[in-house]
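Descriptive structure summary
This is what each chain is made of:
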Amino acid sequence: FQTGDLTDWTTYTTPNGTIGTPLVEVFDTTGLGPSRSAQFVVGQVLSVGALQRGGGIFQNVFMPADDNLTIWVNVASVGTSVSGNADGGVVSLMLDGSTISMHDFGNVAQDAIERVTLSLTLAVSAGSHEIRVQMVREFPTNDGTPRLYLDNIRALTDAQLLTGPEPLPLLAV
């Protein structure tokens, strides 16, 4: 997200879901210092009970050969100054439509910052693959909805990890 926007990413919403108006701002998503991070406000458009709704971002990457692929993303859920919230969001890191790592933030206190890194290494075949980060909550959005931040989305093959951490083509951070 160093370009200051969501260049190379496609946004989407689930049925009856919203991600608000995504923006890129300087925030300390990792706890190691501020950088440009994507911010989302996710939840249901209309209240329909305890259904998880929202959306996220996705991008296709090309694997030049069969290899192990390590994928990760830093995520923060931030309680607002308005109130605490019973659902800080569920964030899923997905590859080709399958969830490979997930975290449920649960209750997020007023003004609290909760952080997590989602990651996994798995064998992947040569060709095009979709990397998706999905964020959902079971409540409609309002002024007290926690803000979800994403940063440092990376996908590296074993070969790249040995020679230098350059992400696969098209993967924005």
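So, a few notes on the structure that sits alongside this text. Values in this document were obtained by computation on a predicted structure and should not be read as measured data. (Residues numbered from 1 in each chain as written. Predicted model: local features only at pLDDT ≥ 70, side-chain atom pairs only at ≥ 80, totals over all residues. Heavy atoms only, no water.)

**Brief notes about the sheet that holds strand 9 (residues 98–104)**
- If you walk across this open sheet you meet the five strands as 1-6-11-8-9, and the pairing is antiparallel. In the strand order of this sheet, the two ends are held by strand 1 (10–13) and strand 9, each with one partner. Between one strand axis and the next, the sheet turns by 20 degrees as a mean value, whatever way the strands run.
- Pairing of strand 8 (residues 90–95) with strand 11 (residues 127–137), which is carried by six bridges, proceeds in the antiparallel orientation. Among the inter-strand pairings, V91 is bridged to a residue of strand 11, identified as M135. (Pairing = 2+ DSSP bridges. Helix = DSSP H or I, 4+ residues; strand = E, 2+ residues; numbered from the N terminus. Axes fitted to C-alpha atoms, helices over the stretch in contact; angles between N-to-C directions.)

**What to know about the pattern of salt bridges**
- Going through the model one piece at a time under the given rule, you end up with two salt bridges.
- A salt bridge links R115 to D28, with the nearest nitrogen and oxygen atoms 3.8 Å apart. A residue pair is termed long-range when its members are at least 10 positions apart, and R115 in strand 10 (residues 113–124) and D28 in the loop between strand 3 (23–27) and strand 4 (35–40) qualify at 87 residues.
- On the basis of relative accessibility, which here comes to 37%, the residue R115 falls in the partly exposed class.
- Between R132 and E130 there is a salt bridge whose closest N-O contact spans 2.9 Å. (Salt bridge = Lys/Arg side-chain N within 4 Å of Asp/Glu carboxyl O. Buried < 20%, exposed > 50% of the residue type's maximum accessible area, 1.4 Å probe, protein only.)

**A word on unusual backbone geometry**
- Phi is positive for D8, close to 75 degrees, though the residue is something other than glycine.
- Along the chain, the position of D8 falls in the segment before strand 1.
- Unusually for a residue other than glycine, N152 sits at a positive phi of about 55 degrees.

**Topic: the nonpolar core**
- One finds F1 and L150 to be the most contacted residues of the largest nonpolar core, which totals 32 residues.
- Listing elements by their share of this core, those giving two or more residues are strand 4, strand 6 (53–63), strand 7 (67–78), strand 8, strand 10, strand 11 and strand 12 (147–157).
- Beyond its immediate stretch of four places on either side in the chain, L150 contacts F1, T29, S37, A38, F40, I57, V73, N74, V75, V133 and M135. (Core = buried A, V, L, I, M, F, W, Y, C linked by side-chain atoms within 4.5 Å. Contact = heavy atoms within 4.5 Å.)

**Here's the deal with the side chain of T18**
- Checked against the element boundaries, T18 lands in strand 2 (residues 17–18).
- Dropping the residues within four chain positions of it, T18 is found in contact with T13, V41, V42, G43, Q44, V45, G54, G55 and T141.

**Quick look at the packing of aromatic side chains**
- The full count for this structure, using the stated rule, is three aromatic pairs.
- Arranged with centres 3.9 Å apart and planes meeting at 10 degrees, the rings of F27 and Y149 form a pair that is stacked. Taken together, the residues span a long stretch of sequence, with F27 in strand 3 and Y149 in strand 12 at a distance of 122 residues.
- In this structure, R132 is placed above the aromatic ring of Y12, and the distance from its NZ or CZ to the ring centre is 4.2 Å. (Phe/Tyr/Trp six-rings, centres within 6.5 Å; stacked < 30°, edge-to-face > 60°. Lys NZ or Arg CZ within 6 Å of the ring centre and 35° of its normal.)

**Section: a nonpolar patch on the surface**
- A cluster of nonpolar side chains, contributed by V45, L46, V48 and L51, occupies part of the molecular surface with about 350 Å² of accessible area.
- Inspection of the secondary structure puts L51 in the loop between strand 5 (43–44) and strand 6. (Patch = residues over 30% accessible without salt bridge, like charges linked within 9 Å, V, L, I, M, F, W, Y side chains within 5 Å. Areas by Shrake-Rupley, 256 points an atom, 1.4 Å probe, with all protein chains shown as cover.)

**Here's the deal with the sheet that holds strand 10**
- One open sheet accounts for five strands, arranged 3-4-12-7-10; its pairing is antiparallel. Either end of the sheet is taken by a strand with one partner, and the two such strands are strand 3 and strand 10. Strand-to-strand, the axes of this sheet are offset by a mean angle of 35 degrees, without reference to chain direction.
- For strand 7 and strand 12, the ladder comprises nine bridges, and the chain directions are antiparallel. Across the sheet, the residue bridging to T70 is L156, located in strand 12.

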